[in-house]
Each structure stands twice: as C-alpha cells, then as structure tokens.
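# Descriptive structure summary
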Amino acid sequence: MPLFSEAGLPASYVPLSFSDWQQRPEWPAVSLANTDPVEDLAPHVGRLRLIVLNFPKFSDGRAYSQARLLRGRMGYRGELRATGGVLIDQILFMLRCGFDSFESEQKGFEEALAKARTLFSVVYQPTEDGRIPASRLRLDHTVAPTP
C-alpha cells in the first residue's frame with residue numbers, strides 16, 4: 001500500500017503487531033488494532049519511533065481516539081501512521097488528531113494531503129495539531145481604542 005507523509009518521513013521502521021511487540025517492547029515500532037489497549041504504550045512513548053493505528057473501515061473512528069490519547073495525554077512525538085480505511089475525505093480530521101503519515105490506495109491522496117492544511121483558515125476545536133481555535137483568537141484579540 002502506498003505511504004504518504006506530511007512531514008516527508010522515511011519508511012524506516014517495520015512495526016510489530018501489538019502482541020509481538022509485547023514480547024519485544026524494546027522494538028521502536030508497533031502496530032495497534034483499534035481494540036488494543038493504547039494505554040499499555042504509555043511507559044514506552046518516549047522511545048517509540050512509529051505507531052501505526054488501523055482503521056478497519058472508514059466508518060470506524062476508534063483510531064482517532066487512540067491518536068488523541070497518544071498525542072494529547074501521553075505526549076507521543078514520533079511518527080503516527082494511519083492505515084486501513086484511510087480516505088481523502090478524512091485527511092484533515094486525521095491531521096488534526098496528530099497523524100502525520102498515511103497508507104492509502106485512494107487515487108489523488110497525495111494531492112489531497114498537500115492541500116488539506118489550507119482547507120480552512122479557522123478551526124473551532126482544540127486538538128493535537130497546535131492550531132489556535134476561533135474562541136481563543138477572539139479572546140486574545142484586542143482592539144486598540146480610537147483617540
């Protein structure tokens with residue numbers, strides 16, 4: 001399956017399945033099913049270089065929650081890859097949750113990834129992508145009094 005990376009990351013690690021990784025937790029790459037306990041990775045996120053999260057079908061969003069937990073609560077900073085039912089229509093949401101590489105067979109995926117960040121100039125929810133939500137922009141906006 002073709003690999004696309006927003007950050008130009010090389011495909012340098014072969015992830016082990018979660019059950020195999022548990023036998024070799026020193027391995028720097030792991031692949032989780034959306035039923036695997038992402039919390040078990042917490043003590044290891046500082047040394048993991050690649051975590052692959054699976055979307056078994058496009059309508060199953062559990063990997064979004066796993067991504068938010070990894071990036072937001074556990075502070076994971078390595079490569080976070082989406083695989084499985086990864087569609088163009090979901091790129092922006094995946095980026096906002098912290099994914100930075102994608103495996104997809106969909107035609108036009110590379111072009112869609114290149115322009116996904118510029119689709120909206122303002123966002124409303126705080127997420128793992130670091131963009132400032134509109135509510136915060138309004139609070140921070142001060143108008144200088146006119147003399």
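Here, the structure is the one placed above.
Residues numbered from 1 in each chain as written. Predicted model: local features only at pLDDT ≥ 70, side-chain atom pairs only at ≥ 80, totals over all residues. Heavy atoms only, no water.

### A look at the environment of Y76
Its place among the elements puts Y76 in the loop between helix 2 (62-73) and strand 5 (79-84). What makes Y76 buried here is its relative accessible area of 0%. Y76 sits 30 residues away from G46 along the chain, and the two C-alpha atoms are 6.7 Å apart. Discounting chain neighbours no more than four positions away, the residues touching Y76 are V45, L48, R49, L50, I51, L70 and R71. (Helix = DSSP H or I, 4+ residues; strand = E, 2+ residues; numbered from the N terminus. Buried < 20%, exposed > 50% of the residue type's maximum accessible area, 1.4 Å probe, protein only. Contact = heavy atoms within 4.5 Å.)

### Describing the sheet that holds strand 2 (residues 16-17)
Adjacent strands of a sheet form backbone hydrogen bonds with each other and so pair up, either parallel or antiparallel. Spatially, 1-6-5-4-3-2 is the arrangement adopted by the six strands of the open sheet, whose pairing is mixed. On the outer flanks of this sheet lie strand 1 (3-5) and strand 2, each paired with one strand and no other. Bridge count for strand 3 (residues 29-32) against strand 4 (residues 50-55) is four bridges, and the pairing is parallel. Bridge pairing in strand 4 places L32 opposite L53. Contacting strand 1 and strand 6 (101-103), helix 4 (residues 109-116) crosses the sheet at an angle of about 15° to strand 1. (Pairing = 2+ DSSP bridges. Axes fitted to C-alpha atoms, helices over the stretch in contact; angles between N-to-C directions.)

### Some words on the pairing of strand 4
Strand 4 sits mainly inside the fold: five of its six residues count as buried. In this region the chain leaves strand 4, passes through helix 2 and returns to the parallel neighbour strand 5; the handedness of that crossover is right-handed. (Right-handed = clockwise from strand over helix to strand, strands pointing away.)

### Concerning the pairing of strand 3
Note that strand 2 and strand 3 share two bridges and pair parallel. By the bridge assignment, L16 is partnered in strand 3 with V30. Read from strand 2 through helix 1 (residues 18-23) to strand 3, the crossover connection turns out right-handed.

### Concerning the environment of G85
Along the polypeptide, G85 turns up in the loop between strand 5 and helix 3 (91-97). Sequence-wise, G85 and K57 are 28 residues apart; in three dimensions their C-alpha atoms are separated by 4.5 Å. In this view, G85 contacts F55, K57, F58 and Q90; residues no more than four positions away in its chain are not counted.

### Some details on a nonpolar patch on the surface
Together, V122, I132 and L137 make up an exposed nonpolar region whose accessible area comes to about 240 Å². Its location among the elements puts L137 in helix 5 (residues 134-140). Its relative accessible area of 42% is what places L137 among the partly exposed residues. (Patch = residues over 30% accessible without salt bridge, like charges linked within 9 Å, V, L, I, M, F, W, Y side chains within 5 Å. Areas by Shrake-Rupley, 256 points an atom, 1.4 Å probe, with all protein chains shown as cover. Salt bridge = Lys/Arg side-chain N within 4 Å of Asp/Glu carboxyl O.)

### Let's talk about the nonpolar core
If you look at the biggest cluster of nonpolar residues, it comprises 33 residues, and the most contacted ones within it are L41, I51, L53, L70, F99 and F102. Breaking this core down by element, the ones donating at least two residues are helix 1, strand 3, strand 4, helix 2, strand 5, helix 3 and helix 4. Considering each element in turn, this core owes the most residues, five residues, to helix 2. Dropping the residues within four chain positions of it, F99 is found in contact with L53, F55, A63, A67, L80, R81, A82 and M94. (Core = buried A, V, L, I, M, F, W, Y, C linked by side-chain atoms within 4.5 Å.)

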